Amino acid sequence: MAALTPDAPQISLRGVSKTYPNGTVALREVTLEIPKQDFVFLVGPSGAGKSTLVRLLIREEKATSGIIRVEGQDLSRLKRRHLPFLRRKIGMVFQDFKLLPNLSVFQNVAFALRVTEGALRHLKPKVEEVLSIVGLEGKEDKFPDELSGGEQQRVAIARALVHDPRIFLADEPTGNLDPATSWEIIQLLLQINARGTTVLMATHNREIVDVMRRRVVAIEGGQIVRDEDAGGYHAPALESR
Amino acid sequence: MHRLWNRVDFAFGSAWQNFWRNAAVSIASVLIVWVVLLALGSLLLVLHSLDRIVALEKTKASAISVYLADTTPLSSAMDFKLHLEADPRVSNVTYVSKDQAMARFRDLPALDPSVIDTLGTNPLPASLDVTVKDIRDLGAIDQEVRNSPLVDKSPATNYEPNVIDKIILLARVAGIAGLALIVGLTGLSVFIIMLTIRTAIYLRRKEIEVMKLVGATDWYLRVVLAAMLAFGLLLGSVGSYLGVRRFLKQ
Ligand SMILES: Nc1ncnc2c1ncn2[C@@H]1O[C@H](COP(=O)(O)OP(=O)(O)OP(=O)(O)O)[C@@H](O)[C@H]1O
Ligand SMILES: [Mg+2]
């Protein structure tokens, strides 16, 4: 396993393409580097390939070609039995949340910690800690269908945080949320980033991207069309028009 | 140590939760396994007793009485006995004298002893009771002894080929049918258990997918699934054990 040299990017994609089995080309020759503690917005129209890119990083899908490295590990060469350990380093908020409807809020979060076979006595305090970070104290015993969309989103974020991940991937964490709730979620991600975690967030939320002035990577039709630090949702040329 | 305990605790905790959440399906699969195990268990019991009955009938039927002529001296009878005992197909030969035959006859139930007393002389012949190792050799032995001058002619033996053939046939049919049923039911149980496993995995596919995505190892998933199944099967087995016990008590 290649050691991570201090200046090597935490996440790097080189010439990565993804063609789904049905023939859909979702990514073409994508090259991207994300250093440690970066905060990156991934923007682009629906179907651009944002979710695909994020899914490749936890190897939910495999790249068709190109090289993806996460913390120095080449994902195409990562053995199946090492995959769970990669995933434990990454906190992922899925576009569709992927909460289990028959588990309570507490159990949904605890579940992610339990599968890592950690000590049971640390479980309860840890789950309570992340639930309070996302502001869900008092809702531990509710089930997902008893929660609002924003609350479900927070459960998904809490679950992604419970491992103390080094990388936090959020796929449209503000989709379907009202502006106020969206801002709360963004504040949360900023806090997470401030604690030293790299954050990559796929989003359609133009207002947030424009106000935040963070790094913006824009993809369209599976290709990176723009990558700027302190960017806006649209390219400057378009904005001035 | 706590890690192992955590695994076990979660596996069983999860199995328990899942059992009640998917109660309908869990109970249905447990019941199916229960019924199949019960059927298999009772079939084995029935076959076992049938086997014992057939074995008993076979030992009873694999003996013939060779009736000796009243003129045969005891020494010749003993020589004949030794000759028969030397035959490798024969397992045992017992000499029954005229008096012993009469005593046996008297012991027969539903027979009025006074009838025998009116006879005056003893009409029953002495005999050699020959037991063979394999019931199928009985016919050949019967043929051989009939030719001996020492043997009575009316009748020579109590050999009844029809009965023997029927017993041989019954034993064979029972054996084949029992084997076929065991193979069939075992196959059915394996099939149902595998179907139950697949259903369990199918019902939990979302859970399994999410577990994988948050970093569960394959090994961990296997433990959790095995625990869920073991739990279901345990319930099924306890159920069928209780069922068989009730069935036996009746
Ligand atoms: N599992 C799949 N099988 C086949 N094609 C897929 C699959 N997932 C996505 N696609 C296709 O790949 C392309 C990129 O999809 P992706 O989900 O990455 O887009 P996205 O940028 O996340 O869109 P959105 O903003 O709507 O979430 C689309 O054309 C989509 O139809
Ligand atoms: Mg998407």
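You'll find the structure just up there.
Residues numbered from 1 in each chain as written. Chains lettered and ligands numbered in written order. Predicted model: local features only at pLDDT ≥ 70, side-chain atom pairs only at ≥ 80, totals over all residues. Heavy atoms only, no water.

**Focus on the overall build of chain B**
Within chain B, the regular secondary structure consists of nine helices and three strands. Mapped in sequence order, the helices and strands of chain B form the string α-α-β-α-β-α-α-β-α-α-α-α. A burial count over chain B gives 38% of its 250 residues as buried. When the accessible surface of chain B is split by element, carbon and sulfur atoms take 67% of a total near 15,100 Å². (Helix = DSSP H or I, 4+ residues; strand = E, 2+ residues; numbered from the N terminus. Buried < 20%, exposed > 50% of the residue type's maximum accessible area, 1.4 Å probe, protein only. Areas by Shrake-Rupley, 256 points an atom, 1.4 Å probe, with all protein chains shown as cover.)

**Some remarks on the sheet that holds strand S4 (residues 65–70) of chain A**
Residue and element names in this part refer to chain A. An order of S2-S1-S4-S5 is seen for the four strands of this open sheet, with the pairing classed as antiparallel. In this open sheet, the two strands that pair with only one neighbour each are strand S2 (25–34) and strand S5 (73–74). Inspection of the sheet shows strand S1 (residues 11–19) paired to S2 by six bridges, in the antiparallel sense. Among the inter-strand pairings, Ser12 is bridged to a residue of S2, identified as Glu33. Contacts from helix H1 (residues 50–57) reach S1, S2 and S4 within the one sheet, and its direction differs from that of S1 by about 120 degrees. (Pairing = 2+ DSSP bridges. Contact = heavy atoms within 4.5 Å. Axes fitted to C-alpha atoms, helices over the stretch in contact; angles between N-to-C directions.)

**Considering the coordination of the magnesium ion (ligand 2)**
Residues and elements named next belong to chain A. For the magnesium ion (ligand 2), the full set of protein donor atoms is Ser51 (OG) and Gln95 (OE1), and the range of their distances to it is 1.9 to 2.3 Å. Highlighted residues: Ser51 in helix H1 and Gln95 in the loop between strand S6 (90–93) and helix H3 (105–114), separated in sequence by 44 residues. When its relative accessible area of 15% is taken as the criterion, Ser51 is described as buried. (Donors = N, O, S within 2.8 Å, 3.2 Å for Na, K, Ca; no water.)

**Overview of the packing of helix H5 (residues 149–161) of chain A against helix H6 (residues 179–194) of chain A**
Residue and element names in this part refer to chain A. One way to put it is that H5 packs onto H6 with a least axis distance of 11 Å and a crossing angle of 10 degrees. In terms of axis orientation, H5 runs roughly parallel to H6. Listed contacts from H6 to Gly150, Gln153, Arg154, Ile157 and Leu161 of H5 are Thr181, Glu184, Ile185 and Ile192. (Parallel < 35°, antiparallel > 145°, perpendicular 65-115°, else oblique.)

**Notes on the sheet that holds strand S1 (residues 63–67) of chain B**
As a general point, the strands of a sheet are linked pairwise by backbone hydrogen bonds and lie either parallel or antiparallel. All names here are of chain B. On the basis of which strands lie adjacent, the open sheet formed by three strands has the order S1-S3-S2 and antiparallel pairing. Among the strands making up the open sheet, the edge pair consists of S1 and strand S2 (90–96). Direction aside, the axes of adjacent strands within the sheet are offset by 20 degrees on average. In this sheet, strand S3 (residues 127–132) lies alongside S2 in antiparallel orientation, the contact comprising six bridges. Considered in S3, the bridge of Val96 is made with Ser127. Running at roughly 5 degrees to S1, helix H6 (residues 138–146) makes contact with S1, S2 and S3 of the sheet.

**A short note on the packing of aromatic side chains**
Evaluated as defined, the whole model comprises one aromatic pair over all chains. Residues Phe39 of chain A and Phe41 of chain A carry aromatic rings whose centres are separated by 5.3 Å and whose planes lie at 70 degrees to one another, so their mutual orientation is edge-to-face. Under the relative-accessibility criterion, Phe41 of chain A is labelled buried at 0%. Directly above the aromatic system of Phe94 of chain A lies the positively charged group of Lys98 of chain A, at a separation of 5.5 Å from the ring centroid. When the ring centre of Tyr202 of chain B is taken as origin, the NZ or CZ atom of Arg205 of chain B, which lies over that ring, is 4.0 Å away. (Phe/Tyr/Trp six-rings, centres within 6.5 Å; stacked < 30°, edge-to-face > 60°. Lys NZ or Arg CZ within 6 Å of the ring centre and 35° of its normal.)

**Describing the site of ligand 1**
All names here are of chain A. Near ligand 1 you find 16 residues, and of these Ser46, Gly47, Lys50, Ser51 and Thr52 are the closest. One of the side-chain N or O atoms of Thr52 is found 2.5 Å from an oxygen atom in ligand 1. In the complex, the protein chains occlude 69% of the 630 Å² of accessible area that ligand 1 would expose alone. Element by element, the count of residues in the shell around ligand 1 is highest for H1, at four residues. Each residue belonging to the shell around ligand 1 can be placed in one class, and the counts come to four nonpolar, nine polar and three charged. (Near = heavy atom within 4 Å. Polar contact = N/O pair within 3.5 Å; in protein donor to acceptor, adjacent residues only side chain to side chain. Nonpolar A, V, L, I, M, F, W, Y, C, P; charged D, E, K, R; others polar.)

**Regarding the side chain of Asp171 of chain A**
Residue and element names in this part refer to chain A. Tracing the sequence through the fold places Asp171 in strand S7 (residues 167–171). Of the side chains bearing the opposite charge, Arg55 lies closest to the buried Asp171, which forms no salt bridge; the N-O distance is 5.4 Å. A distance of 2.6 Å separates polar atoms of two side chains, one belonging to Asp171 and the other to Ser51. The contact partners of Asp171, leaving out residues within four places of it in the chain, are Ser51, Val93, Phe94, Gln95 and Ala202. (Lys, Arg positive; Asp, Glu negative; His and termini not counted. Salt bridge = Lys/Arg side-chain N within 4 Å of Asp/Glu carboxyl O.)

**Here's the deal with helix H3 (residues 74–85) of chain B**
Residue and element names in this part refer to chain B. Between its first and last C-alpha, H3 extends 16 Å over 12 residues, near the 16 Å set by a 1.5 Å rise per residue. Regarding H3, the residues found buried are Ser76, Ala77, Phe80, Lys81 and Leu84. Down the axis, H3 shows its buried residues gathered within 145 degrees of arc, on one side only. Pointing more than 90 degrees away from the buried face of H3 are the exposed residues Asp79 and Leu82. Lining the buried residues of H3 we find S1, S2, S3 and H6. (Expected span 1.5 Å × (residues − 1). Arc of directions from axis to C-beta.)

**Some remarks on the pattern of salt bridges**
All names here are of chain A. Inspection of every chain in the model, using the stated rule, returns 23 salt bridges over all chains. Ionic pairing is found between Asp164 and Lys126, a salt bridge with its closest N-O pair at 3.0 Å. Residue Asp164 is found in the loop between H5 and S7, and its partner Lys126 is found in helix H4 (residues 123–133); the two are separated by 38 residues along the sequence. Among the residues examined, Lys126 registers a relative accessible area of 15% and is labelled buried. Residue Glu184 is joined to Arg154 by a salt bridge in which the shortest nitrogen-to-oxygen separation is 2.4 Å. With a gap of 30 residues between them, Glu184 in helix H6 and Arg154 in helix H5 connect regions that are remote in the sequence. Given a relative accessible area of 11%, Arg154 falls into the buried group. Bridged by salt links that share partners, the residues Asp38, Arg215 and Asp227 form one connected network.

**Here's the deal with the nonpolar core**
Judged by nonpolar contacts, the single largest core of 57 residues is most densely connected at Phe41, Val109, Ile157, Phe168, Leu189 and Ile192 of chain A. Core analysis: the second largest hydrophobic core is formed by 31 residues, Leu13, Leu57, Val70 and Ala202 of chain A among them. (Core = buried A, V, L, I, M, F, W, Y, C linked by side-chain atoms within 4.5 Å.)

**Some thoughts on H6 of chain A**
All names here are of chain A. The end-to-end C-alpha distance of H6, which contains 16 residues, comes to 22 Å, matching closely the 22 Å that a straight helix rising 1.5 Å per residue would cover. Among all positions of H6, only Thr181, Ser182, Ile185, Ile186, Leu188, Leu189, Leu190, Ile192 and Asn193 are buried. A positive backbone phi angle near 105 degrees is found at Gly196, which sits one or two residues after H6.

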